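# Survey of secondary and tertiary structure
This is what each chain is made of:
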Amino acid sequence: MNIEQIKVGFMDVFCYLVSCRKTKEALLIDPAGNEEELVDHLQNKGLSLKYIVNTHGHADHTCGNEKVKELTGAKIIMHEIDDRVFSTPEAYAMARQWGFAPSPRADETVQDGDIIVVGNLSLQVIHTPGHSPGGICLHSDGNLFTGDTLFVGGIGRTDLPGSSHEQFMRSIREKLLALPPETVVWPGHDYGMKPSSTIGYEKATNPWLGV
Ligand SMILES: [Zn+2]
Ligand SMILES: [Zn+2]
C-alpha cells in the first residue's frame, strides 16, 4: 500500500493518494484543490484512478470532485447520508458562497462496514457521524484516514448544521479509540504539530478526547 499525503486548497486540507503497488490502481481521498496538478502527478506515476472518496460532504473536502472526475473518469464515493444532505439546492448555494465548486452526486454510496477495493487493497468504511451526519473514516492495513473527525492534537467541530457532539464523542470512543494503538492516524487538515499520528499517541495526549 502506497500512501501520499498532499496538502491542497486554501483550507489546508490533506488529500491522500492511496495506490496499489502491484496493479497501479489508485484512489484519492478528498481531492479538494490543485486538481490538475494532482491528476498530472498520478498520471506521471503511471497510476489509474478508480475512485474519489470523500470523508464527508463538506464543500472544503468535495470541491475538487467534479474536476478530478472530469479529468480521469473516476467514480465518486460518499456515505449515503452526506451524499443526500450536501446535494440540496441550499447546500450548493452555501458551497458557492464559500467559494467552492459543489460536488456532483456520488456514483456509489457506502455505509458502515462496506469495503472499498482498489487493486489488491481493501479499505473498510467506518461510519463516524458527529461532525457531519454521514462522515466516514477509512481503515486499511494499520492506517486510518480520519477526515474532520480526529486531528493531530484536535477534533472536528460539532457546532455546524447537522453536527452532534454526543454522537461525535461516541463515534470517536467506540469506533476509533478501540483500534490498535499503533494504528496510524492520517487527518483531513494540517492543524497539528506533525502531519500524522497514531491512535495510541492521540489517546495519551489529545486534550479533547476526555479519556
Ligand atoms: Zn468538515
Ligand atoms: Zn474540513
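This report concerns the structure included in the present document. Just so you know, these numbers come straight off a predicted model, no measurement behind them. Numbering of residues starts from 1 in each chain and follows the order in which that chain's sequence is written. Here every chain gets a letter starting at A, and every ligand a number starting at 1, in the order they are written. Where totals are concerned, whole chains, interfaces and linings use all residues; where local detail is concerned, this predicted model gives features only for residues with pLDDT of at least 70, and gives and counts side-chain atom pairs only at 80 or more. Excluding hydrogens and water, the side-chain values take into account all heavy atoms of the structure.

## What about empty space enclosed by the protein?
To be explicit about the condition: Method remark: on a 1 Å grid restricted to protein atoms, a set of points is classed as a cavity if a 1.4 Å probe fits but cannot get out and as a pocket if it is open with protein on both sides within 12 Å along at least five of seven lines; lining residues have an atom within 4 Å of a point. Grid points are joined across faces, edges and corners, and a volume is the space filled by probe spheres set on the points. We call Asp, Glu, Lys and Arg charged. Ala, Val, Leu, Ile, Met, Phe, Trp, Tyr, Cys and Pro are nonpolar, and the rest, Gly among them, are polar. Per the convention used, a helix needs a DSSP run of H or I reaching at least four residues, while a strand needs a run of E reaching at least two, with both numbered from the N terminus.
Scanning the entire structure with this criterion turns up two cavities of 30 Å³ or more. Each pocket or cavity is described by its volume, and for the largest cavity that value is around 40 Å³. Surrounding the largest cavity, Thr55, His56, Thr128, His131, Ser132, Gly135, Ile136, Thr146, Gly147, Asp148 and Thr149 form its lining. Its residues assigned to classes, the lining of the largest cavity shows one nonpolar, nine polar and one charged. By volume, the second largest cavity amounts to about 30 Å³. Taken together, Phe14, Tyr16, Ile29, Asp30, Thr55, Phe145, Thr146, Gly147, Trp186, Pro187 and Gly188 form the lining of the second largest cavity. Put simply, the parts of the chain that give the lining of the second largest cavity at least two residues each are strand S2 (13-19), strand S10 (143-147) and strand S13 (184-187). Here the element with the most residues in the lining of the second largest cavity is S10; it accounts for three residues. A per-class count over the lining of the second largest cavity returns six nonpolar, four polar and one charged.

## Let's talk about the coordination of the zinc ion (ligand 2)
Quick reminder of the rule: Water is absent from the atoms considered, so a metal site may look incomplete; donors are defined as N, O and S atoms within 2.8 Å of the metal, or 3.2 Å for Na, K and Ca. Key to geometry: four donors with every angle between 85 and 135 degrees are tetrahedral; four donors are square planar and six octahedral where opposite donors lie over 155 degrees apart and all remaining angles lie between 65 and 115; all other sites are irregular.
Protein ligation of the zinc ion (ligand 2) involves Asp60 (OD), His61 (NE2), Asp148 (OD) and His189 (NE2), the donor distances falling in the range 2.1 to 2.5 Å. Around the zinc ion (ligand 2) sit four donor atoms, and with donor-metal-donor angles ranging over 90 to 148 degrees the site reads as irregular. Each donor residue of the zinc ion (ligand 2) lies on the same chain, and together they follow the pattern D-H-x86-D-x40-H. Separating the zinc ion (ligand 2) from the zinc ion (ligand 1) is a distance of 3.5 Å, and Asp148 supplies a donor atom to each of them. Linking Asp148 in the loop between S10 and strand S11 (150-151) with His189 in the loop between S13 and strand S14 (197-198), this pair joins segments that are 41 residues apart in sequence.

## Details of the coordination of the zinc ion (ligand 1)
Tetrahedral metal sites with four donors have an ideal angle of 109.5 degrees; octahedral sites with six donors have ideal angles of 90 or 180 degrees. This is how the line gets drawn: Throughout, exposure labels follow a simple rule: accessible area from a 1.4 Å probe, protein chains only, divided by the maximum for the residue type, with under 20% read as buried, over 50% as exposed, and the rest as partly exposed.
Every protein donor of the zinc ion (ligand 1) is listed here as His56 (NE2), His58 (ND1), His131 (NE2) and Asp148 (OD), and their distances to the metal cover 2.1 to 2.3 Å. In this structure, the zinc ion (ligand 1) is coordinated by four donor atoms arranged in irregular fashion, with angles at the metal of 91 to 172 degrees. Ordering the donors of the zinc ion (ligand 1) by residue number gives the pattern H-x1-H-x72-H-x16-D. Accessibility expressed as a relative area gives 5% for His131, which makes it buried.

## Re the environment of Glu80
Spelled out, the test is: Residue contacts are defined here by distance: any two heavy atoms, one from each residue, within 4.5 Å place the two residues in contact.
Structurally, Glu80 can be placed in helix H4 (residues 80-85). In this structure Glu80 comes out as partly exposed when scored by relative accessible area, which is 34%. Remark: the alpha-carbon pair of Glu80 and Tyr16, spanning 64 residues in sequence, is separated by 21 Å. Contacts of Glu80, omitting those with residues within four sequence positions, involve Thr109, Val110 and Gln111.

## Points about the packing of aromatic side chains
This is how it is decided: Pairing of aromatic side chains requires ring centres within 6.5 Å, counting the rings of Phe and Tyr and the six-membered ring of Trp. Pairs whose planes differ by under 30 degrees are stacked, by over 60 edge-to-face, and all others tilted. Charge over a ring is defined by NZ of Lys or CZ of Arg lying within 6 Å of the ring centre and within 35 degrees of the ring normal.
Going through the model one piece at a time under the given rule, you end up with five aromatic pairs. Pairing Phe151 with Tyr191 gives two aromatic rings, centres 4.8 Å apart and planes at 65 degrees, and the pair type is edge-to-face. Remark: Tyr191 occurs in the loop between S13 and S14 and Phe151 occurs in strand S11; sequence separation between them is 40 residues. Through a chain of ring-to-ring contacts, the aromatic side chains of Phe14, Tyr16, Phe145 and Trp186 assemble into a single cluster. One Lys or Arg, Lys194, reaches over the ring of Tyr201 and ends 4.0 Å from the middle of that ring.

## Some points on the sheet that holds S13
As a reminder, the rule being used: Paired strands, as defined in this entry, are two strands with at least two bridges between them according to DSSP.
Strand order in the open sheet made by the six strands is S7-S8-S9-S10-S13-S14, with mixed pairing throughout. Every other strand in the sheet has two partners, leaving strand S7 (115-118) and S14 as the edge strands with one partner each. Across four bridges, the pairing between strand S8 (residues 121-127) and strand S9 (residues 136-140) is antiparallel. Residue His127 lies in a different strand from S9, and its bridge partner there is Ile136.

## Comments concerning the side chain of Asn54
What counts is decided by this rule: Throughout this description, a polar contact denotes any pair of N or O atoms lying within 3.5 Å of each other; where both atoms belong to protein, one of them has to be capable of donating a hydrogen while the other can accept it, and for residues adjacent in sequence the pair is counted only when both atoms sit in side chains.
Considering the arrangement of structural elements, one finds Asn54 in the loop between strand S4 (48-53) and helix H2 (59-62). Of note is the side chain of Asn54, whose polar atom sits 3.4 Å from the side chain of Asp30. Here Asn65 takes part through its side chain, which lies 2.7 Å from a polar atom of the side chain of Asn54. Those residues in contact with Asn54, other than ones at most four positions away along the chain, are Asp30, Pro31, His61, Thr62, Asn65, Ile76, Ile77, Met78 and Ile136.

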